[in-house]
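# Summary of the model geometry
Each chain is listed here by its residues.
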Amino acid sequence: NAGVTQTPKFRVLKTGQSMTLLCAQDMNHEYMYWYRQDPGMGLRLIHYSVGEGTTAKGEVPDGYNVSRLKKQNFLLGLESAAPSQTSVYFCASRHTTSATDTQYFGPGTRLTVL
Amino acid sequence: RKEVEQDPGPFNVPEGATVAFNCTYSNSASQSFFWYRQDCRKEPKLLMSVYSSGNEDGRFTAQLNRASQYISLLIRDSKLSDSATYLCVVFRASGGSYIPTFGRGTSLIVHP
């Protein structure tokens, strides 16, 4: 299993450009999450999905859109990048049973918006 | 008041010391609780879940106090490899789903 992978690992954008971050998981998990992590701010939830075809807003959704057309993929889009979106973006999938509840994180995407 | 609060530290302790972190949460409807560990510039990884009855995993003990709305993590016999940031995570019910909220993390530095 590759676990959770994120593409790309690094990206530099100019203000106003658009891009899509891809998160892929091969563990057949229903739940997937996009977070951003800024210095001193911890991880903040951007959007999440409880299953294929469903998405919902998290704590900081403005400026982002998401899609979950396939269960294994969760895409995060920036339509018009702003310097305030410079951050490290983490994707996670979540596995829950009666005995366990674990989020598995990807390695992160480091995005700089100039 | 932030929904989930942690003392950012850093906690600077010698090897072999016992250290404890607390994490307070404000939403009384919070359902489940976890501690994650994050090494510098890496992704977070689950350290342990936190149960009402308390739970232990080797040198690590986690406890939940619902009445006072906080969770704790105790690390005994600290190792150099325990140096990391410890994140508490709280899930609360919202619109039929469970939403995770992370604390800002507590930095631990274990020195020789």
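Residues numbered from 1 in each chain as written. Chains lettered and ligands numbered in written order. Predicted model: local features only at pLDDT ≥ 70, side-chain atom pairs only at ≥ 80, totals over all residues. Heavy atoms only, no water.

### Regarding the overall build of chain B
Within chain B, the regular secondary structure consists of zero helices and eleven strands. When the helices and strands of chain B are placed in sequence order, the string is β-β-β-β-β-β-β-β-β-β-β. In terms of C-alpha radius of gyration, chain B reaches 14 Å, essentially the compact-globule figure of 13 Å for 112 residues. Its C-alpha atoms give chain B principal-axis dimensions of about 50 × 30 × 25 Å. Distance between charge centroids for chain B: 5 Å, based on 12 positive and 10 negative side chains. (Helix = DSSP H or I, 4+ residues; strand = E, 2+ residues; numbered from the N terminus. Rg over C-alpha atoms; globule rule 2.2 N^0.38 Å. Lys, Arg positive; Asp, Glu negative; His and termini not counted. Charge placed at Lys NZ, Arg CZ, Asp CG, Glu CD.)

### A few points about the overall build of chain A
Assigned secondary structure in chain A consists of zero helices and eleven strands. On C-alpha atoms alone, chain A measures out to a radius of gyration of 14 Å, which is about the 13 Å that the 2.2 N^0.38 rule sets for 114 residues. Here the C-alpha coordinates of chain A stretch approximately 45 × 30 × 25 Å along the principal axes. Within the span of chain A, comprising 114 residues, buried residues form 48% of the whole. For chain A, contacts bridging at least 24 residues in sequence account for 54% of all contacts bridging at least 6. (Buried < 20%, exposed > 50% of the residue type's maximum accessible area, 1.4 Å probe, protein only. Contact = heavy atoms within 4.5 Å.)

### Thoughts on the nonpolar core
Formed by 23 residues in total, the largest nonpolar core has its most connected members in Phe21, Trp35, Ile71, Leu73, Ile75, Tyr86 and Leu108 of chain B. Taken together, the elements giving at least two residues each to this core come down to β3 (19-25), β4 (30-38), β5 (45-50), β7 (60-65), β8 (70-75), β9 (84-94) and β11 (106-111) of chain B. Sequence-distant contacts of Tyr86 of chain B, defined by excluding residues within four places in its chain, comprise Gln6, Phe21, Trp35, Tyr36, Arg37, Leu47, Leu73, Ile75, Gly105, Thr106 and Leu108 of chain B. In this structure, Leu13, Trp34, Leu78 and Tyr89 of chain A belong to the second largest nonpolar core, which totals 19 residues. (Core = buried A, V, L, I, M, F, W, Y, C linked by side-chain atoms within 4.5 Å.)

### Brief notes about the pairing of β11 of chain B
All names here are of chain B. Alternating positions in β11 separate cleanly, Thr106, Leu108 and Val110 being buried on one face and Ser107, Ile109 and His111 remaining unburied on the opposite face. Sheet topology places strand β2 (residues 11-14) next to β11; four bridges connect them, and they run parallel. Bridge pairing in β11 links Val13 to Val110. Across three bridges, β9 lies against β11 in antiparallel orientation. Its bridge partner lying in β11, Ala84 is registered against Leu108. (Pairing = 2+ DSSP bridges.)

### A closer look at the sheet that holds strand β8 (residues 73-78) of chain A
Residues and elements named next belong to chain A. The strand order across the open sheet built from four strands is β1-β3-β8-β7, with neighbouring strands paired in antiparallel fashion. Of all strands in the sheet, those bounded by a partner on one side alone are β1 (4-7) and β7 (65-67). Strand-to-strand twist of the sheet, defined as the mean angle between neighbouring strand axes without regard to direction, takes the value 20°. Alignment of β7 against β8, held across three bridges, turns out to be antiparallel. What sits directly across from Asn65, in β8, is Gly77. (Axes fitted to C-alpha atoms, helices over the stretch in contact; angles between N-to-C directions.)

### Details of the interface of chain B and chain A
Tallying the contact residues gives 20 residues for chain B and 20 residues for chain A. Counting the contacts that link chain B with chain A gives zero salt bridges. Linking chain B to chain A there are three residue pairs in polar contact (both at pLDDT 80 or more). Counting only elements with at least two residues in the side of chain B that touches chain A, the list comes to β4, β5, β9 and β10 (97-102) of chain B. (Salt bridge = Lys/Arg side-chain N within 4 Å of Asp/Glu carboxyl O. Polar contact = N/O pair within 3.5 Å; in protein donor to acceptor, adjacent residues only side chain to side chain.)

### Description of the environment of Pro83 of chain A
Residues and elements named next belong to chain A. Its place among the elements puts Pro83 in the loop between β8 and β9 (87-96). Considered as a pair, Pro83 and Met41 are 42 residues apart in the sequence and their alpha carbons are 16 Å apart. Not counting residues within four places of it along the chain, the set of residues in contact with Pro83 comprises Thr15 and Val113.

### Quick word on the sheet that holds β7 of chain B
Strand pairing within a sheet occurs via backbone hydrogen bonds; the two strands may be parallel or antiparallel. All names here are of chain B. Reading across the sheet, the five strands line up as β1-β3-β8-β7-β6 and stay open at both edges, with antiparallel pairing between neighbours. Since the sheet does not close on itself, it has two edges, and those belong to β1 (4-6) and β6 (55-57), each with one partner. Within this sheet the neighbouring strands show an average axis-to-axis angle of 20°, counted without direction. With three bridges connecting them, β1 and β3 associate as antiparallel partners. The residue bridging Val4 from the neighbouring strand is Tyr25, located in β3.

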